[in-house]
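As a plain string of letters, each chain reads:
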Amino acid sequence: MPHDNNLILEDVQFANLKQTAESRSKLVHTFGALAELGHEVASRSNFQDTIRTSLHLILGSLGIMRGGVARYSRFEHEFNMLAVRGLGDSFPLSLELCHEDERQFLINGLAPIEIGHAAVLPFFQVYMRTFEATRLELFLPLVVRDETVGAILLGEKATGEPYSSYDKEIICAMGRHIGSAIAQRTLMVVSLCAHPPHYC
């Protein structure tokens, strides 16, 4: 009987090791793809595709059912959706913010906010019905160099399990790449508007 228990324990340990190796392999692939974002973002024609691909990488690597990536417009005080998947046609393309929302997102920094526990902020009070209807669970403000540049909205995992602290670390790491890509793109557009190219 003790021998059988040892075999079961070895099988469980082997299964855990195999699952960990598969997870790491997926993450290596995901981060490798994200590392290429910087170059692609510099191309005006590739930006939309890059953001869409980034969203699919996040959703696919963690088995998330639905989500979206938005860019923040500090002039309009709103998030504008750049890419969405599985949120439906009625999901708003722009999400307005008030001054308090902007302040709280900066204070929060690049850390996931559980939507179900965030009803104190006006932003979540206004959009809670929409977020509940589309079963969104996490909201990640994209903060780069003390400036909000966008957000990632994520739905439930396919397994139905809650997000682990490990999942949230991965989302934050990916969010840093996407936030940097959006910030770089914004900087490039501002630079082009300030100094339009001269042609002979």
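Here goes a summary of the coordinates provided. (Residues numbered from 1 in each chain as written. Predicted model: local features only at pLDDT ≥ 70, side-chain atom pairs only at ≥ 80, totals over all residues. Heavy atoms only, no water.)

This paragraph deals with the overall build of the protein chain. Counting its regular elements, the protein chain contains 6 helices and 6 strands. Helices and strands appear in the protein chain in the N-to-C order α-α-α-β-β-β-α-β-α-β-β-α. The burial tally for the protein chain puts 39% of its 200 residues in the buried class. Taking the intrachain contacts of the protein chain between residues at least 6 apart in sequence as the baseline, contacts between residues at least 24 apart amount to 60%. If you sum the accessible surface of the protein chain, you get close to 11,900 Å²; carbon and sulfur atoms cover 56% of it. (Helix = DSSP H or I, 4+ residues; strand = E, 2+ residues; numbered from the N terminus. Buried < 20%, exposed > 50% of the residue type's maximum accessible area, 1.4 Å probe, protein only. Contact = heavy atoms within 4.5 Å. Areas by Shrake-Rupley, 256 points an atom, 1.4 Å probe, with all protein chains shown as cover.)

Attention now moves to the sheet that holds strand S3 (residues 94-96). Either a parallel or an antiparallel arrangement is found when strands of a sheet pair, and the pairing is made through backbone hydrogen bonds. Read from one edge to the other, the open sheet built from 6 strands follows the order S3-S2-S1-S6-S5-S4, with strand pairing classed as antiparallel. Unpaired on one side and paired on the other, S3 and strand S4 (113-114) mark the two borders of the sheet. Pairing between strand S1 (residues 67-73) and strand S6 (residues 147-155): 5 bridges, direction antiparallel. Looking at S6, one finds that Ala70 is bridged to Ala151. Those strands touched by helix H3 (residues 47-62) are S1, strand S2 (78-85) and S6, and its axis lies near 65° from that of S2. (Pairing = 2+ DSSP bridges. Axes fitted to C-alpha atoms, helices over the stretch in contact; angles between N-to-C directions.)

Before going further, it helps to spend a moment on the nonpolar core. Ile51, Ile152, Leu154, Ile178 and Ile182 are the most contacted members of the largest nonpolar core, which totals 25 residues. Mapped onto this core, the elements with two or more residues apiece are H3, S2, strand S5 (136-144), S6 and helix H6 (165-194). Of the residues forming this core, the biggest block, 7 residues, is contributed by H6. Discounting residues that sit within four places of it in the chain, Ile182 has contacts with Phe47, Ile51, Val69, Ala70, Arg71, Leu82, Leu142 and Val149. Judged by nonpolar contacts, the second largest core, of 22 residues, contains Ala70, Leu97, Ile115 and Phe139. (Core = buried A, V, L, I, M, F, W, Y, C linked by side-chain atoms within 4.5 Å.)

The final tally for this structure, using the stated rule, is 15 aromatic pairs. Consider the rings of Phe105 and Phe124, whose centres lie 6.2 Å apart with planes at 85°: the pair is edge-to-face. Remark: Phe124 occurs in helix H5 (residues 122-133) and Phe105 occurs in helix H4 (residues 99-108); sequence separation between them is 19 residues. Comparing Phe105 with Phe124, the two get one shared label, buried. Cluster of aromatic residues (ring-pair linked, three or more members): Tyr72, Phe79, Phe91, Phe105, Phe123, Phe124, Tyr127, Phe131 and Phe139. (Phe/Tyr/Trp six-rings, centres within 6.5 Å; stacked < 30°, edge-to-face > 60°.)

Everything listed is a geometric property; what it means functionally is a separate question.
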